[in-house]
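Examination of the molecular architecture
Given next are the chains, with one letter for each unit.
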Amino acid sequence: MAEEFQKWVLMVTAQTPTNIAVIKYWGKRDENLILAINDSISLTLDPTHLCTTTTVAVSPAFNQDRMWLNGKEISLSGGRYQNCLREIRARASDVEDKNRGIKIAKKDWENLHVHIASYNNFPTAAGLASSAAGFACLVYSLAKLMNVQEDNGKLSAIARQGSGSACRSLYGGFVKWVMGKEENGSDSIAVPLVDEKHWDELVIIISVVCSRQKETSSTSGMRETVETSALIEHRAKEVVPKRIIQMEEAIQKRDFATFTRLTCADSNQFHAVCLDTSPPIFYMNDTSHRIISCVEKWNRSEATPQVAYTFDAGPNAVLIARNRTSAALLLQRLLFYFPPNSETDLNSYVIGDKSILKDVGIQDIKDVEALPPPPEIKDPAQKYKGEISYFICTRPGRGPVLITDESQSLLHAETGLPK
Ligand SMILES: Nc1ncnc2c1ncn2[C@@H]1O[C@H](COP(=O)(O)OP(=O)(O)OP(=O)(O)O)[C@@H](O)[C@H]1O
Ligand SMILES: C[C@@](O)(CCOP(=O)(O)OP(=O)(O)O)CC(=O)O
């Protein structure tokens, strides 16, 4: 490239949602390519409340690939980052910005370095699937920068190599990760089932549980399960394939009762295979169990289920309510059982779509203290003050988007360094 072009910086910014599995992925048949032992299905969450924003930049002035996560420089030397970068670079095409006189030929990409800055609008590595939104955003933004001419399905197979669950964040709504059969993983991709508008009355309340316990990462946890659990084979071969078919049908028909039965059963079976692992893995804690009990009691007291629960590799509960009315009733119950610590204000205790609080007529802590016990409780109900850090209220969300407003980019247009 000619000397006079040495100073340009070309950038792309994208935003990608996170997702929660309703039929869980747990167990790999290939650790390096990240190939699952069963199909899984997830719901993409509204990026307004939970998302990753990533800016990627290329410039002949950069002398190495660099990345900053939430403002701090991190190493890109890990195999997962390297696999994603290599796969995207291999698919890069010519890029031209005539106005700025920039021309990058396909072959140039091998020698050009990138800067990546990423920001999660929710806690990283706290059991809220930051790796899913993060790797999906990394792959999506790099693909746009490098003019990769492949659809989101193909990109999902690359994001999968960053973190398995990331492949499902390439689409909005309900998404299936098809495990595939090929040894090279080419058919292990995400496919959209229905978009976020198909079942938009669903409301999601995430209960972020206070926990000091050290968790086993998903990656090592599922490896240990595959190595030591006899139950996992039965789950992957016999149980999940049937559930996938039933779940797809329930989603198509918006059949909340079947959806709830399958979602809760699959979460519980995932935690059962964790318990069947040697040594056993405990992701849920007493607070998680209390939330399950609250939801089960309420669902049983109603003619039809009001809310589904699901837990990933940690104690946080993801509660999916059938509509706003049941979400409001759920929030009343949650706030009754789990009032905040005295020093926490309501505004930081319920975050995301706070309008659900208004539906319940709760304006301040006094209203929380005055909540009556749920009618399905016979005995004087116990309260568990301070066991929950906060609640996030959200809804089904869309897939990745490009952000064209340059003021939102995370790198300086002139230097390509973090803002
Ligand atoms: N925005 C991001 N861009 C790229 N990588 C990210 C991003 N956010 C998180 N990651 C990667 O994901 C790792 C965190 O993944 P981890 O599985 O430990 O936590 P989590 O995904 O937040 O929680 P969980 O998997 O339990 O739901 C980080 O250490 C980092 O490597
Ligand atoms: C329990 C889960 O959240 C497990 C997610 O595992 P990861 O995708 O985090 O694991 P790696 O592929 O090793 O990165 C269930 C799910 O999301 O399907």
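Look a little higher up for the structure.
Predicted model, so just to flag it, every value in this text is computed and none were measured.

Overview of the packing of aromatic side chains
Counted by the stated rule, this structure contains 15 aromatic pairs. Both rings, one in Y337 and one in F338, keep their centres 6.4 Å apart while their planes meet at 55°; by these two values the pair is tilted. Pair check on accessibility: Y337 and F338 agree, each one buried. Plain terms: the ring middles of Y349 and F391 are 5.3 Å apart, the flat faces sit at 75° to each other, and that makes the pair edge-to-face. Residue Y349 is found in helix α9 (residues 346–349), and its partner F391 is found in strand β18 (residues 388–394); the two are separated by 42 residues along the sequence. A single burial state applies to Y349 and to F391, both of which are buried. In textbook terms, an aromatic cluster arises when at least three aromatic residues are bridged by ring pairs, as seen for F174, W199, F256 and F259.

A word on the site of ligand 1
Taken together, 16 residues lie near ligand 1, and Y81, S118, A129, S130 and S131 sit nearest. Between a nitrogen atom of ligand 1 and a side-chain N or O atom of Y81, the distance comes to 2.9 Å. A129 places a main-chain nitrogen or oxygen 2.9 Å from an oxygen atom of ligand 1. Of all elements in the fold, only β7 (66–69), β11 (113–120) and α2 (130–145) reach the threshold of two or more residues within the shell around ligand 1. Here the residues of the shell around ligand 1 are counted per class, giving seven nonpolar, nine polar and no charged.

Some words on the sheet that holds strand β19 (residues 401–402)
Strand pairing in a sheet takes place through backbone hydrogen bonds and is either antiparallel or parallel in direction. Spatially, six strands are ordered β8-β7-β11-β6-β1-β19 in an open sheet, and the strand pairing comes out mixed. A strand with exactly one partner marks an edge of an open sheet, and here the two such strands are β8 (72–74) and β19. The sheet contact formed by strand β1 (residues 10–17) and strand β6 (residues 51–59) spans eight bridges and is antiparallel. Pairing of V12 across the sheet is with V56, part of β6. Helix α1 (residues 79–89) contacts β7, β8 and β11 of the sheet and is inclined by roughly 125° relative to β11.

Section: the site of ligand 2
Y25, K28, R80, S163 and S165 are the nearest of the 17 residues found near ligand 2. The side chain of S163 places a nitrogen or oxygen atom 2.7 Å from an oxygen atom of ligand 2. A distance of 2.8 Å separates an oxygen atom of ligand 2 from a polar side-chain atom of R168. About the coverage of ligand 2: the protein hides 94% of its 460 Å² of free accessible area. No other element matches the three residues that helix α4 (residues 218–228) contributes to the shell around ligand 2.

The rules behind the values
- Residues numbered from 1 in each chain as written.
- Chains lettered and ligands numbered in written order.
- Predicted model: local features only at pLDDT ≥ 70, side-chain atom pairs only at ≥ 80, totals over all residues.
- Heavy atoms only, no water.
- Phe/Tyr/Trp six-rings, centres within 6.5 Å; stacked < 30°, edge-to-face > 60°.
- Buried < 20%, exposed > 50% of the residue type's maximum accessible area, 1.4 Å probe, protein only.
- Helix = DSSP H or I, 4+ residues; strand = E, 2+ residues; numbered from the N terminus.
- Near = heavy atom within 4 Å.
- Polar contact = N/O pair within 3.5 Å; in protein donor to acceptor, adjacent residues only side chain to side chain.
- Nonpolar A, V, L, I, M, F, W, Y, C, P; charged D, E, K, R; others polar.
- Pairing = 2+ DSSP bridges.
- Contact = heavy atoms within 4.5 Å.
- Axes fitted to C-alpha atoms, helices over the stretch in contact; angles between N-to-C directions.
- Areas by Shrake-Rupley, 256 points an atom, 1.4 Å probe, with all protein chains shown as cover.

Honestly, that's just the spatial picture; any functional story needs more than this.
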